[in-house]
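# Fold and contact review
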Amino acid sequence: MNAHRPVHRVAIVGTGTIGASWATHYLVRGFDVTATDPAPTAEAALRAYVAAAWDAAASIGLAPGASPDRLSFTTDLRQAVADADFVQENAPERPELKVPLFADIDDAAPPGAIIASSSSGITMSVIQAECRRPERTVIGHPFNPPHIIPLVEVVGGTRTAPETIRDAMSFYAAIGKKPIHLKKELPGHVANRIQAALYREVVHLVQEGVLDVADSDDAVSWGPGLRWGVMGPHLLWHLGGGEGGIEHFMETLMPRMVASWQELGTPEFTPELKEKIVGGVLEEADGRSVDELAARRDAMLSALLAVRAQYDPSGPPSTAAGHPAKEGL
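Just so you know, these numbers come straight off a predicted model, no measurement behind them. (Residues numbered from 1 in each chain as written. Predicted model: local features only at pLDDT ≥ 70, side-chain atom pairs only at ≥ 80, totals over all residues. Heavy atoms only, no water.)

On to the nonpolar core. Within the largest apolar cluster, 33 residues are counted, with the highest numbers of intra-cluster contacts made by Y26, F86 and Y172. Those elements giving two or more residues to this core turn out to be β1 (9–13), α1 (17–28), β2 (32–36), α2 (42–60), β3 (71–74), β5 (114–117), β7 (151–155) and α6 (162–174). Y172 has contacts with W22, Y26, F86, Q88, A116, G140, V152, V154, K177 and P179, leaving out every residue within four places of it along the chain. (Core = buried A, V, L, I, M, F, W, Y, C linked by side-chain atoms within 4.5 Å. Buried < 20%, exposed > 50% of the residue type's maximum accessible area, 1.4 Å probe, protein only. Helix = DSSP H or I, 4+ residues; strand = E, 2+ residues; numbered from the N terminus. Contact = heavy atoms within 4.5 Å.)

Written out as structure tokens, the structure is:
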């Protein structure tokens, strides 16, 4: 494949919730962003999202010269990607849509541009099937909202070049993300599978009447969720092992945990269970709108990231001082 060129211009294909959040992040990090979406109200909705999310995103890392005025919009896909150095695709999760869309992007984007998909479930081997240059295509799956949450899952398809994965990892890290490289493709990638496994047990406990919806949320967010906001489970079990660390944990506590796996439930998602969860969530929300709750979430996440930046040198940078347009990534 052609050598990856320095990133100055980013194209956003698809400007729904994820695409708009990605656009906000790239703008805050000092890039020129061209977005495209066929929906008739897409541009107005995108600009409104960027304006509303700007302060929260900027509090995490604002590059010199960053401005929402560096956002342009077109309904012409080929025009949007024609001069892009990096493309972030965010179309609906339908293979019959993504496969030809990626082929069109591949045909129109400059040969040196990387084309990344935010796909949360479809593998890159499927998405790149009709591309003429599949070696420069890769999954770059964020966690919602991308302008706040640093995690990006990077995984290639069967025809993705190793250097594409390397360059994508470097690029995401340089713009304040925390990329992880998945060595194998699998549906749902990794983070969504982890949260699906947790939610399955939460729903089981609600169905069995052990907890109501609000208490089940508290059981996660005020307990293990607080710890997971600072360390992952392996490192936490290392602490749980006391002076003996992870070795002691694996010898004495892990057998009990393995035995408990057999007791975890698989709920039957009935209409009654659905109504119970919906009613419980609306009661927990207590009249607050989705936008109000999202603003509260983002403010707390921004504060947590600021604290993590003080204590965790392995985390993503909290500023954009070395953003890739200057460093040539």
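The rest of the description comes next.
On to the sheet that holds β7, then. Remark on secondary structure: sheet strands pair via backbone hydrogen bonds, oriented parallel or antiparallel. In space, the 8 strands of this open sheet follow the order β3-β2-β1-β4-β5-β6-β7-β8, with mixed pairing throughout. The open sheet has two edge strands, β3 and β8 (178–181), and neither has a second partner. On average, each strand axis in the sheet is tilted by 25° relative to the strand beside it, whichever way the strands run. Relative to β7, strand β6 (residues 137–142) runs antiparallel, the two sharing 4 bridges. For G140, the partnering residue across the bridge sits in β7 and is V154. Sitting on the sheet, α2 is in contact with β2 and β3, with an inclination near 160° to β3. (Pairing = 2+ DSSP bridges. Axes fitted to C-alpha atoms, helices over the stretch in contact; angles between N-to-C directions.)

Mapped onto the fold, T137 is located in strand β6. At 2.9 Å, the side chain of T137 forms a polar contact with the side chain of Q128. The contacts of T137, once residues within four sequence positions are left out, are F102, I115, M124, Q128, C131, T160 and T164. (Polar contact = N/O pair within 3.5 Å; in protein donor to acceptor, adjacent residues only side chain to side chain.)

Take the packing of aromatic side chains next. Taken as a whole and judged by the stated rule, the model has 9 aromatic pairs. The interplanar angle of 80° and the centroid separation of 5.6 Å between the aromatic rings of F86 and Y172 together place this pair among those described as edge-to-face. With F86 in strand β4 (residues 86–89) and Y172 in helix α6, this residue pair connects regions lying 86 residues apart in the sequence. Look at F86 and you get buried, because its relative accessible area is 0%. For Y172, a relative accessible area of 0% translates into the label buried. (Phe/Tyr/Trp six-rings, centres within 6.5 Å; stacked < 30°, edge-to-face > 60°.)

Helical periodicity: at 3.6 residues per turn, an α-helix aligns residues three or four positions apart in one direction. Here α2 spans 26 Å end to end across 19 residues, near enough to the 27 Å set by a 1.5 Å rise per residue. Within α2, the axis deviates most sharply at W54, by approximately 50°. Turning to α2, its buried residues number three or more, namely A42, L46, V50, A53, W54, A57, A58 and I60. Elements in contact with the buried residues of α2: α1, β2, β3 and α13 (290–311). (Expected span 1.5 Å × (residues − 1). Bend = angle between axes of the 7 residues up to and from the residue.)

So, about the packing of helix α7 (residues 191–207) against helix α12 (residues 271–285). In contact at an axis separation of 11 Å, α7 and α12 are set at 100° when each is read in the N-to-C sense. With respect to α12, the axis of α7 lies roughly perpendicular. Note on element contacts: α12 touches α7 through L273, K276 and I277, opposite Y199, V203, V206 and Q207. Among the residues making up the contact of α7 with α12, the classes are represented as 5 nonpolar, 1 polar and 1 charged. (Parallel < 35°, antiparallel > 145°, perpendicular 65-115°, else oblique. Nonpolar A, V, L, I, M, F, W, Y, C, P; charged D, E, K, R; others polar.)

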